[in-house]
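Residue-level listing of the chains:
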Amino acid sequence: MGRLDDKVVLITGGSRGQGAEEGRLFTDEGATVILTDVLDELGQQTAATIEGATYRHLDVRSEPEWEAVVGGVMESHGRIDVLVNNAGIDLVKKLAATTLEEFERVVAINQTGTFLGMRTVANAMIAAEKPCSIVNISSVAGLEGVPNHGAYSGTKFAVTGMTKAAAKEWGRYGIRVNSVHPGIIETPMTEDLRSFTDDEVRAKVERTIPLRRMGQSIDIANMVLFLASDESAYCTGQAFTVDGGVHP
Ligand code: NAD
């Protein structure tokens with residue numbers, strides 16, 4: 001018995017990194033997974049290596065693309081039990097140097113994308129009249145201000161807030177909504193950081209982490225699995241931090 005037997009799961013930003021890891025773990029747990037992303041070639045390759053996963057193009061900024069993908073999944077699978085709003089981009093820049101264009105791009109993907117996903121899928125979930133789960137990937141930057149991440153941090157706080165409001169609105173329909181807050185996780189998003197590429201810097205950073213190591217995608221995937229599954233049936237509107245103990 002898998003923890004996601006018979007569940008249909010839609011994951012955004014699933015071509016690589018944490019989203020792809022969630023696809024691998026969730027299919028192992030019995031789910032049918034639809035990975036979506038804008039990196040189509042990589043997404044097709046990733047899905048081809050995961051039995052039980054398929055790939056569809058979805059730019060999370062696009063309302064018509066959300067409608068088309070959710071409509072397509074409803075047509076082929078009849079329901080969506082779990083949505084993981086995982087797609088996101090980072091912007092490492094001082095707030096005073098951030099252009100409006102850069103700011104709006106981060107907002108469009110991290111914040112508007114999460115809003116569109118929650119709204120589009122929730123309407124299908126409400127109509128289905130079954131227990132469902134939405135997991136929004138925020139960040140520790142969605143719980144405290146992080147220097148050089150002003151725009152990013154703002155969008156991740158927005159995800160934290162929308163999660164809590166949606167949980168209160170949709171609880172009566174059996175839809176749970178929670179957010180996950182990763183610390184520094186080793187993925188393509190962070191591969192250029194000196195804390196991953198320079199052994200000396202890495203050792204120094206690791207000494208500041210109570211669990212003395214950087215996070216891996218599987219650390220996040222395990223938390224998202226818990227929130228996607230019925231094991232978390234009485235959790236909603238909550239923020240779950242997975243960062244090795246840096247932000248207790
Ligand atoms: P990643 O860059 O490997 O994965 C992000 C995915 O989102 C990529 O596949 C990318 O193509 C996709 N994406 C970007 N723009 C998109 C768009 N417009 N539409 C659809 N997909 C789009 O990074 P990751 O670390 O796996 O990030 C996953 C999530 O975790 C993100 O929301 C990120 O903000 C969050 N996060 C990451 C870290 C970290 O240290 N890696 C820390 C905290 C939070």
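Residues numbered from 1 in each chain as written. Predicted model: local features only at pLDDT ≥ 70, side-chain atom pairs only at ≥ 80, totals over all residues. Heavy atoms only, no water.

J.: Tell me about the site of the ligand, and name the residues and values.
T.: In the vicinity of the ligand lie 29 residues, with Arg16, Asp37, Asn86, Tyr152 and Thr187 positioned nearest. At 2.7 Å from an oxygen atom of the ligand is found a side-chain nitrogen or oxygen belonging to Tyr152. Separating an oxygen atom of the ligand from a backbone N or O atom of Ile185 is a distance of 2.8 Å. For the ligand, whose unbound accessible area comes to 820 Å², protein coverage reaches 95%. Mapped onto the shell around the ligand, the elements with two or more residues apiece are helix 1 (17-28) and helix 5 (150-170). Across the shell around the ligand, the residue classes tally to 14 nonpolar, 10 polar and five charged. (Near = heavy atom within 4 Å. Polar contact = N/O pair within 3.5 Å; in protein donor to acceptor, adjacent residues only side chain to side chain. Areas by Shrake-Rupley, 256 points an atom, 1.4 Å probe, with all protein chains shown as cover. Helix = DSSP H or I, 4+ residues; strand = E, 2+ residues; numbered from the N terminus. Nonpolar A, V, L, I, M, F, W, Y, C, P; charged D, E, K, R; others polar.)

J.: Which residues make up the pattern of salt bridges, and what values do they have?
T.: One side chain can pair with another of opposite charge once the charged atoms of both are near each other. Summed over all chains, the structure comprises 13 salt bridges. We note a salt bridge from Arg3 to Glu29, for which the minimum N-O separation is 3.2 Å. Note that Arg3 is positioned in the segment before strand 1 (8-11) and Glu29 in the loop between helix 1 and strand 2 (32-37), a separation of 26 residues in sequence. With relative accessibility at 14%, the residue Glu29 sits in the buried group. For the salt bridge of Arg24 with Glu21, the shortest nitrogen-to-oxygen distance reads 3.2 Å. Linking Arg24 with Glu21, this pair stays in helix 1, spanning three residues, or about one helical turn. (Salt bridge = Lys/Arg side-chain N within 4 Å of Asp/Glu carboxyl O. Buried < 20%, exposed > 50% of the residue type's maximum accessible area, 1.4 Å probe, protein only.)

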